[in-house]
Structure formats: structure tokens, C-alpha cells
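The primary structure of each chain is shown beneath.
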Amino acid sequence: MPLLGDFCLLFALALAAYSFAAGILGFIRKDEVGFRVAETARRAGIASFFVITGAALVLVWAALNNDFSIAYILQHSNRALPTPYKLAALWSGQEGSLLFWAWLLAGYGFVLRVRHKVDKRLVATSSMVLAGIQVFFLLLVNFEANPFGIMSRVAADGNGLNPLLQYPEMVIHPPMLYLGYVGFSVPFAFALSALMMRYPGEKWIHITRRWTMVTWLFLTCGIALGAHWAYAVLGWGGYWGWDPVENASLLPWLSGTAFLHSVMMQEKRGMMKVWNVWLIFVTFMLSILGTLLTRSGIVQSVHAFAESAIGPWFYAFLMIIFVVCVAAFIKNRKHLQSENKLESLVSRESSFLFNNLVLLAACFAVLSGTLFPILSEWVRGYKITVGAPFFNKVMLPIGLFLIFLTAVGPLLAWRNTSLGSLKKNFAIPAIFSVLVAIALIPLGVKPWLDVAHLYSWLTFVLSALVITSIASEFIRGGRVLKDKLNTNLFGGMYHLTRRNMRRYGGYIVHFGVILACIGIAGQAFNQSKEQEMAQGDKLQIGAYTLVGQEYTEDDNANYQSQAGLLDVYKNGKYLTRLNPERRQYKASNQGTTIVADYSTLKEDLYVIYEGNNPDTGHPIIKAFINPLVNWLWIGVLTVVLGTGMALIPNAAQLKSPVKLTATAAVESAGGGASMRPAGARK
Amino acid sequence: MKVVTRVLVLLLFTASSLMAAENTGRYERLGSKIMCTCGCGQMLLQCNHIGCPNSATMIRQLHEQVDATAATNDDDAVLNFFRTQWGVTTVVEPNRHGFELIAWILPFAGLGLGMFLVVVVVYRWHGSPAAAAGEAEIKLDPHLQALRERARKETEI
């Protein structure tokens, strides 16, 4: 089987290389021959998906059948490992995850190439760009990080999967994150192709809008699942530690978010064309940088894999991408001239511009902090550590400014906003947020206590501003339709949303982000207490009393565990029983905590079993009260809901789609690219 | 509107001026800037390893240093103690002087520069003849006009 896997990888490389080379030929020759060659490139690209799928299946089969003759399976699986985690072995190590990257990319490429009729020329060039990226990853898995390396001697059992990864969410988190990372390849390929072909208009944006949104959604889910996993498994009471690998996932998310906003400017007003092209270039490069940071070990991280030789490959690839992007831009930049200009600083356009700027500033802050240790090593000869306190101080003011823009942006008019309109739109949200600011003080949010309280207070106040501005948008539009359609306000708001899913789905996304921000702001009020607890002992934290009832030990093929049964009382009243656990995995000899969490909208009572005191033998229990954590998860679910809504076509649009006429075919300024309506044949 | 703005400014000013008030959690604050050196990758006060070879000693030293500098509230002295004792990577916050100051300046310099450029670009555009003449739409083919019209509808009522 390993030989079959190797064969599949080599064959896939040959197909991708052909697809790339034939794609270039098809791009250069714009005649019938070029068109036919490009068609063979497309088919080779489709075939490469099936071949890479074969390689991935071989690795999964090897994991399921405990084939420890394969070094990768030996290192990342063992006989006692439950079946779902054996499947997860595909992406739990470096070689497997790179194969997984290549497979997902081939999958995206497959969908793109099958749906080529949407615009054959543009898809052909985009397919060529994707094939180029595929070649890089296939070179990597064939010659530098081959997952089918064979052991000279077959071991009886494997080393097992990292116990921290043996958690249900960990089976979903990496694929989600990778779907996000890899997905940005598609809009990148379209943007680069459109630029190289001097493609007229924003058609590449229309084609890739859903791709980008789905990709962004995957990345959002991936980041959120990672945060939830950290919260539920790592047992330190938090969900985001500003670790370099966490930051790596945030970078393309921030620039991708900026892109999703700024493309609206191009779609609507024909502006920011250069900005949009570079935003998606940067987003893709940050995805590659993220993979480099995760996989190469160039920065210290609790997640990073051992230092490996793939770093130079990624540096070279990033350099090639950068050079290609710059060259394409310099050659074709005149094609990207804006059709309109900003008319006022107080307008929707400028709010988009500032929103983009702040998102990119956040991205730059995270990037500079993440890479500063490397810079420090070059300049000073030693790596310093840049951790959570730095990022919190830098990112919180930027984040607050972003929340403010989220509130203000939708209330501004396109082109120019008059003072009267400002007063009218802002009066209610401003008054409400002032009332919230005052009401928070008796509730215990005292901004004068320390910086953490001040930031939390500001977050709550600005969140109130955003929520009110979103609500006022729904209510204002709902009232108009209520009268028109002779329905009630909620009916009006429903019809309003159905008629404009993209806009109102976007507002729901904003609402979700604000809920998440409220959840994050709750961190300022975290409490924790650690105590040795024998049977019958009590631990008091906040209004909660924990009573140690029973302590047990267990032993199975995969791990040994110690667990506690703790009764929880709140203000003297019995609430629930919690069961924190600590496991010691046999194959890897690593320990993990299984957190017990009593979660409400107000706060989480988060309890971990730290182990036994070696002197007394008594269990040590650590309890945290983490306020508002659930708001973060609900916020993420709301973001998912809003993005899903924005992906659904409008009700009116379903009835009357945009008519594409044959006269729409246009010749590009210099590239000779023709744009044909969907389904039209040459 | 003016009253609301004044109230907001006043609230922000009050909050900011009180921000520097006495902080009772100096030990927790400093403990959250120091990393446990046992290899767990966690902050000193969050290290949950039973039998951790270093955290108990480091926590004791943190208590001693916080007490020793109570009169001056010199946080840098405490952090420098840990840098010297346990290595520069122990403290997870860059220094606010010398080369490491760049880490603090870079993000805000980037934001400030970006803001400045946006304002300059907007004012330049504002004064340009195209803007003064109002909407100067470039003639697009009907298909693209239709797509743009759809985008307009999808992003506004």
C-alpha cells in the first residue's frame, strides 16, 4: 500500500505539472489550439483530484489497519486509538497535513474546473494558477515531507496520537481551518487571472463572492473550534493565548474580512480595485505564511511541530508568489483605475476605507508581534518572547476602534452624509449607549478600577451602540415594508431581510461579532482558586461552593485516569455535580485535563483536576469563574447564521435573475480575454 | 447631539484619569507577564502541572520581588529580575526601551500612517475635477451594468 500511495503522489504531481504547463500555453496562445490545450489542462486538473484522493485514502487505510511499516502511521497512531482519531491521523502530523492541504486544494480545483462554464477563459487561467499552487504542495509531499516513508523494521505498536488532539472537536477543527486556508487560493487565482488577462469589470468578484464567503466561514469556524478546544482541553481557563500558531490563523481572517468589505466598494462604485486585488493577494500569502508558521517550527509555539526542513520551500514559494503578483500588477496596473472617487470623509465609502485600514492595522499588529522574536534574533542574537500581555495591550484599542466603526459605518449614506442625517441616525443609538454606560456601573463594571475594567466597559458601551444601530436599520426598513405589504413590523423585517439577504445577513454577522466581543470583555472579571480537596472538603469561589464527594481511578488500553465527583452549590442551594478528570496516555506518556464546566449565559464555573499532591496524596482542584464565555460561542453561531443568510439569494432575485445577453461579450483592453455569458459556447 | 457628545467625552475623560489609580492586583498582573519555564508553554500563574520543577520557585521569587519593590511599584525591576534569573524569553512582554520598543511602536505607527494616507487621499480626491463634476461613470457594457445594479440592490434597500 505505501507504494500505491507513493505512485498516486507522483502521478498527481505529473498531472498537476501538465495542467500548469498546458494552462500557461493556453494562456499565451489565444487561438483555437490554445483553447484546446487549456481544455486538456482542465481535464488533467480534474484527474489530479481523483489521484490525490487515492493517496489520501491509502494513508487513511494504513491508519485504520495499523500499518506501522509507514513511519507516519507509527508516529501518529496506535492500536488502541479510537477509529475517529485514526481518521484524524491524516492531518495530525506534518506530512499528512501537507497531503491534506494538497487534497483540499485539488478538491476546490475540481469544483472550479467542473463549473468552468461560468466563464471558460477566466476559469482556464484560474485553473492554471491553482495548478501552479498544487505543483508546489505535491513537490513538497513527494520530495520533502513524504507521508509514505517506510520503516526499516515494523514495530508492534505505534506512538499514538498526541493526547491533546484526542478530543471530538479536534477531528473537525483542522479540516475547517485548512478549508479556510486553502479556500483563499480560489479568489486569489481569480484575482491574479483577471489582472493578468486585464479582465474587464468585477466579474471575478461576482464569481468568487460565494467562494470567499464560504472560505471565510470555514476559517471562522476553524478558529472558533480551536478556541473552544483550547478552553475545553488545555485546562488553563482561557480560549485564546496569542500563540504564534493561533495568530497565524487570525492573519488571513483579518485580511479576508477586510477584503469581504472592500469588494462591496468595487461592486457598487467601481472603486478600490488596486486595494482589492492586493488584499486578496496578501490574504493568500498570509494563508501560506500561516501554514509555514504552523509547520516549520520557526517560532516558539505550544502547537508548532518540530523544526523541519520545509521552511526554505515555503520561503521560496512565498517569494515566487510575491514576485508574480508584483510583476502582474506592474504590467497591468492601468487596468485597475478607479471609476469613481471618494467625495467626503463622512460617507459610507470612507467608513469602508477606515474599516479596511483598521482591520489591516490589526493584521499588521498581530504579524509584527508574531514575527518580532525572529527580528530580535537577527538583530540582537536572541529570541525574545512576545505573548498575550503585549497583544492584549496593542489589539484592544484597535479592536475598540473597529467596534466603533461597525456601529457608525452602516448609518452613513453613500457619497456624503449630511449633518441632519447624522443626527437622525445617531440620536437613538447614542442615547441608548450612554444609558448602558451609566447602568453598567451599579452592575459592577467600574472603569476607574483598572485598564481591564475600562476596556470592558468601553466594549459594552460600544456594543450597545452597534446593536442599537443594527436594530434601528431593521426597524426602519421593516416599518416601510410593513405599510407597503400590510403586515406587522416583524413581517416587514422578515420581508426586508428576504429581499436583501446579503445586506441583512451582513448585519447579523456584525451582531454575532458583537456578541463575541461581549463574551471576550467578560474576561476582565475572571476569578480563580486552587485548593487541595480531600473527600468532604469545600472550595468556595464567588457564590459557588464545591464539595468533594468521591475520587476514582480508571485504567483502559489507551489511558489511565483520575477523576473527581464534586457537588456544586450556589448560595447554599444544590446546583449540579461536576466530574473533572486527568488522563495519562500510555503510548505517548502525556497527560491531559478533561475540564468540567457548568455553563450559563452569565458565567462558566470551570473546574479542573490538576492531579494529586505527591506529599499528601490528596487531589488538587482548580476552579475558575469565567463570566460571559457563552456569549462568545453564541456570537460565533450567530456569525455562521448571518453568513449562511448572506449566501442565500434574495427572494426578488430568485424570481427575476439578472438577464445575461449575448451582447455582453466584450474584448479586454489588451489581454484579448473574452467574457461570455454563462453557458455560452465558442 | 452636543449634550450627548459632551457626556461621552466627560465619561471617557473621567475613566481615563482614574485609569492610573492604585492597582491592587500587581502580583497577578506581573505573574501574567512571566512564562513558566518548565516547557508547558503556559503563563506562570496558569501553569497547572503537578510536580512542575520550576513554577513553585518562580512564584516564591515573584512574591519576594513584588514585596521588595512595593515602595516604588517598579514593575520593570521585577521583570528584569526574571529576565536575568530565568532568561529573556521568560518575560512575554517586550521592554519599553531600546530595540524592543520597536515592537510597541510598529502597530500604532502602521495604523497612524495608514490613517494619514487615507485622509490625504480623500482630500486629494475631494479636490479633483472628477469628484467636483459628480458621478463620472465610465461607460460599461450592459452586462456589467446589470451586475453592478444587482450589487447596489444587494447592499442597500
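Residues numbered from 1 in each chain as written. Chains lettered and ligands numbered in written order. Predicted model: local features only at pLDDT ≥ 70, side-chain atom pairs only at ≥ 80, totals over all residues.

Asks: So, the overall build of chain B: which residues are in play, and what are the values?
Replies: When helices and strands are counted, chain B shows seven helices and zero strands. Helices and strands in chain B line up, N terminus first, as α-α-α-α-α-α-α. Every one of the 157 residues in chain B was classed for burial, and the buried ones make up 22%. In chain B, the share of contacts with a sequence separation of at least 24, taken over all contacts with a separation of at least 6, comes to 31%. (Helix = DSSP H or I, 4+ residues; strand = E, 2+ residues; numbered from the N terminus. Buried ≥ 20, exposed ≤ 12 C-beta atoms within 10 Å, placed from the backbone. Contact = placed C-beta atoms within 7 Å.)

Asks: Requested: an account of helix H9 (residues 203–234) of chain A, with residues and values cited.
Replies: All names here are of chain A. Taking 1.5 Å of rise per residue, 32 residues should cover 46 Å, and H9 covers 45 Å from first to last C-alpha, within 8% of that figure. The element H9 is extensively covered by neighbouring structure, given that 24 of its 32 residues are classed as buried. Of the residues flanking the end of H9, it is Gly-235, one or two places downstream, whose phi is positive at about 70°. (Expected span 1.5 Å × (residues − 1).)

Asks: Could you give me a rundown of the sheet that holds strand E8 (residues 596–599) of chain A, with the residues and numbers involved?
Replies: Residue and element names in this part refer to chain A. Pairing in this open sheet of four strands is antiparallel, and the strands run E1-E10-E9-E8 from one edge to the other. Only two strands of the sheet have a single neighbouring strand rather than two, namely strand E1 (527–532) and E8. For this sheet, the mean inter-axis angle between neighbouring strands, taken without regard to orientation, is 15°. Inspection of the sheet shows E8 paired to strand E9 (residues 603–612) by four bridges, in the antiparallel sense. Along E9, the bridge assignment pairs Asp-597 with Tyr-606. (Pairing = 2+ DSSP bridges. Axes fitted to C-alpha atoms, helices over the stretch in contact; angles between N-to-C directions.)

Asks: Give me unusual backbone geometry: which residues, what numbers.
Replies: All names here are of chain A. Of note in this structure, Arg-198 is not a glycine but carries a positive phi near 50°. Tracing the chain through its elements places Arg-198 in the loop between helix H8 (185–196) and H9. Using a count of 17 C-beta atoms within 10 Å as the deciding quantity, one classes Arg-198 as partly exposed. Look at Trp-242: it is not a glycine, yet its phi comes out positive at around 55°. Structurally, Trp-242 can be placed in the loop between H9 and helix H10 (244–269).

Asks: Before we move on, can you summarise the environment of Gly93(A) with the specific residues and values?
Replies: Residue and element names in this part refer to chain A. By the secondary structure assignment, Gly-93 is in the loop between helix H4 (83–88) and helix H5 (94–114). According to the C-beta neighbour criterion, Gly-93 is buried, with 23 such atoms within 10 Å. In this structure, the C-alpha to C-alpha distance between Gly-93 and Leu-367, residues 274 residues apart in sequence, is 25 Å. Dropping the residues within four chain positions of it, Gly-93 is found in contact with Tyr-72, Gln-75 and His-76.

Shape descriptors only; they carry no functional weight alone.
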